[in-house]
Amino acid sequence: MPNQSTCRVCAGTVTEFLDLGQQPLSDAFRLPEDTSAEFTYRLAVGACADCAMVQLMEEVPREKMFHQDYPYLSQGSAVMREHFRALAERFLSTELAGEDPLVVELGCNDGTMLRTVAAAGVRHLGVEPSGAVADLAAEAGVRVRKDFFEESTALSIRDQDGPADLVYAANTFCHIPYVDSILRGVVALLKPGGAFVFEDPYLGDIVEQTSFDQIYDEHFFLFSATSVDAMARRHGLELVDVERLPVHGGEVRYTLALPGARTPSAAVAALLAEEQARGLHDRAVLDGFADRVRAIRTDLLALLEDLKAKGERVVGYGATAKSATVTNLCGIGPDLVEFISDTTPAKQHRLAPGSGIPVRPPAAFADPHPGYALLFAWNHAAEIMAKEEAFREAGGKWILYVPDVHVV
Ligand code: TMP
């Protein structure tokens, strides 16, 4: 009998389809001198038989993940900065084009999206529980409330600022197991014609590309149009638009509105039909995904051990939260990957969670270039490969493990 848990959306039965083992917090980069016991939990993922929502079997308390020292910065990629700037411009000419509009962003991080809104003089509020990144948003002129967003937060924002035209979340809503409180809050906060727009990694892309490293503590849900549609209905909202996005390895931007307020776009019916046709939520499809994950684990470890036996240097590129899933599933430590190069100040000179692989600033990557770079930030491949031409010119090769293990 496979493990089961209770669905966080509909209280149905969630049946496990993949166990990724004991894992640390994916963004808990440790000081080398820290000898305290590392927190771990069992990372496993299952699907709800009733509402199709794919979700983690175990929940990590939010305060353990999102706190003063949360290191991730949205501004760490030029492509993502442009993505959010362009989206903010689009919001300003659509959802925020009315009289004295208000946008509330859940998990605004360093304010990468809201900076453009703030510069346009439009009313906004970022809600961000992670102190240091919230400070960066404030320094950039963004109005921030250091808090977790939930129903009580939404009601207090409505009291202070009035109803919102737009509630937005990027790579945040899928982090939050307590959707009932969030969606009650969103319904209370929105104007009758307003929208809740959120973008998160898409289950369809994860299954197609076997991007199993999208599964980690912070990604509690792996959304699809099917599961988001069911969740929206259950919580007094309606899925009115979906948009496939190329960023972060494949995401969908979902738009929810109050029922009847907007006509659902043709894209919603099309994506629902596509998911049905490919059997995205079928047990056999999810089991096939799990089998491919196990094959990647075997192949990646074999490649790294072979390179080590040949005396080759392998360095990791991008100390992503995703990389914790890979290194800890495969048992990859500093013996196989010398260090990980990363631009994020709060990750540098620390050890990657679980694996203990040192994280170094980008200057270390070229000093001298290694023979091989394991691209943990594969979702930023085009941007990174363009930036690292000197590595290729020095004879360096990239190792990728999505959709399968290959060297380019
Ligand atoms: P992400 O995949 O969750 O966005 O994380 C990307 C990580 O990779 C983040 O820690 C920043 C780092 N990074 C680099 O070190 N160099 C780069 O050129 C880019 C784009 C990201």
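An unreviewed UniProt entry lists the protein under the name SAM-dependent methyltransferase, from Lentzea guizhouensis.

**Structural notes on the domain arrangement of the protein**
Considered domain by domain, the protein is made up of domain 1 (74-283) and domain 2 (284-407). Taken together, the contact pairs 23 residues of domain 1 with 21 residues of domain 2. Interface area, domain 1 with domain 2, both sides summed: about 2000 Å², of which 64% is carbon and sulfur. Considering only the side of domain 1, the residues that lose the most area to domain 2 are F212, D213 and R283, jointly responsible for 35% of the buried surface there. The tally of links between domain 1 and domain 2 comes to 1 salt bridge.

**With respect to the site of the ligand**
In the vicinity of the ligand there are 20 residues, among which Y72, K322, D342, N379 and K387 approach most closely. At a separation of 2.7 Å, an oxygen atom of the ligand approaches a polar side-chain atom of K322. The contact in question runs from an oxygen atom of the ligand to an N or O atom on the side chain of K347, over 2.8 Å. Contact with the protein chains removes 96% of the 490 Å² of surface that the ligand exposes when unbound. Of all the elements, helix α12 (residues 381-387) adds the most residues to the shell around the ligand, at 3 residues. In terms of residue class, the shell around the ligand is made up of 5 nonpolar, 10 polar and 5 charged. In terms of domain composition, the shell around the ligand takes at least three residues from each of domain 1 (74-283) and domain 2 (284-407).

**Thoughts on the layout of surface pockets**
Approximately 240 Å³ is the volume attributed to the largest pocket. In this structure, the largest pocket is lined by 15 residues; those nearest its centre are D27, A28, F29, H67 and D69. Among the residues forming the lining of the largest pocket, the class breakdown is 7 nonpolar, 2 polar and 6 charged.

**Let's talk about the sheet that holds strand β7 (residues 144-145)**
Sheet strands associate in pairs through backbone hydrogen bonding, adopting either a parallel or an antiparallel arrangement. Reading across the sheet, the 7 strands line up as β7-β6-β5-β8-β9-β12-β11 and stay open at both edges, with mixed pairing between neighbours. Sheet topology places β7 and β11 (238-245) at the edges, where each strand pairs with a single neighbour. Judged from the 2 bridges that link them, strand β6 (residues 123-127) and β7 form a sheet pairing that is parallel. By the bridge assignment, G126 is partnered in β7 with V144. This element, helix α2 (residues 78-93), spans β8 (164-170), β9 (190-201), β11 and β12 (251-257) of the sheet and lies at about 165° to β8. The strands that helix α9 (residues 266-277) touches are β11 and β12; relative to β11, the one it contacts most, it runs at about 75°.

**A few points about the UniProt feature "domain: Methyltransferase putative zinc binding" (unreviewed entry) in the protein**
The UniProt record marks residues 7-66 with the feature "domain: Methyltransferase putative zinc binding" (unreviewed entry), using the residue numbering of this structure. Taken end to end, residues 7-66 has its terminal C-alpha atoms 23 Å apart, with 7% of it in helix and 40% in strand.

**Points about the nonpolar core**
In terms of nonpolar packing, the biggest core is built from 114 residues, with F149, F173, F196, F223, I332 and Y401 touching the most fellow members. Broken down by element, the residue count for this core peaks at 10 residues, all from helix α10 (residues 283-309). Taken together, domain 1 (74-283) and domain 2 (284-407) each give at least three residues to this core, which thus spans both. Ignoring any residue separated from it by four or fewer positions in sequence, one finds F149 in contact with V104, L106, V127, A154, I157, Y178, I182, G185, V186 and L189. Membership of the second largest hydrophobic core comes to 22 residues, among which are L87, F91, A137 and L245.

**Some words on the packing of aromatic side chains**
By the definition in use, this model includes 19 aromatic pairs. Relative to Y401, the ring of F212 lies with its centre 6.3 Å away and its plane at 55°, an arrangement referred to as tilted. Placement of the pair is F212 in the loop between α7 (203-209) and β10 (221-222) and Y401 in the loop between β17 (397-400) and β18 (406-407), with a sequence separation of 189 residues. The class for F212 is buried, based on a relative accessible area of 0%. On the basis of relative accessibility, which here comes to 0%, the residue Y401 falls in the buried class. Ring pairs connect the aromatic residues F173, F196, F198, F220, F221, F223 and Y254, which therefore count as one cluster.

Calculation criteria
Residues numbered from 1 in each chain as written. Predicted model: local features only at pLDDT ≥ 70, side-chain atom pairs only at ≥ 80, totals over all residues. Heavy atoms only, no water. Domains from an automatic or database assignment. Contact = heavy atoms within 4.5 Å. Buried area = accessible area lost by both parts, 1.4 Å probe. Salt bridge = Lys/Arg side-chain N within 4 Å of Asp/Glu carboxyl O. Near = heavy atom within 4 Å. Polar contact = N/O pair within 3.5 Å; in protein donor to acceptor, adjacent residues only side chain to side chain. Areas by Shrake-Rupley, 256 points an atom, 1.4 Å probe, with all protein chains shown as cover. Helix = DSSP H or I, 4+ residues; strand = E, 2+ residues; numbered from the N terminus. Nonpolar A, V, L, I, M, F, W, Y, C, P; charged D, E, K, R; others polar. 1 Å grid on protein atoms, 1.4 Å probe; cavity = no way out; pocket = protein on both sides within 12 Å on 5 of 7 lines; lining within 4 Å. Points joined across faces, edges and corners; volume = space filled by probe spheres on them. Pairing = 2+ DSSP bridges. Axes fitted to C-alpha atoms, helices over the stretch in contact; angles between N-to-C directions. UniProt positions renumbered as here; feature names shortened; annotations may be inferred. Core = buried A, V, L, I, M, F, W, Y, C linked by side-chain atoms within 4.5 Å. Buried < 20%, exposed > 50% of the residue type's maximum accessible area, 1.4 Å probe, protein only. Phe/Tyr/Trp six-rings, centres within 6.5 Å; stacked < 30°, edge-to-face > 60°.

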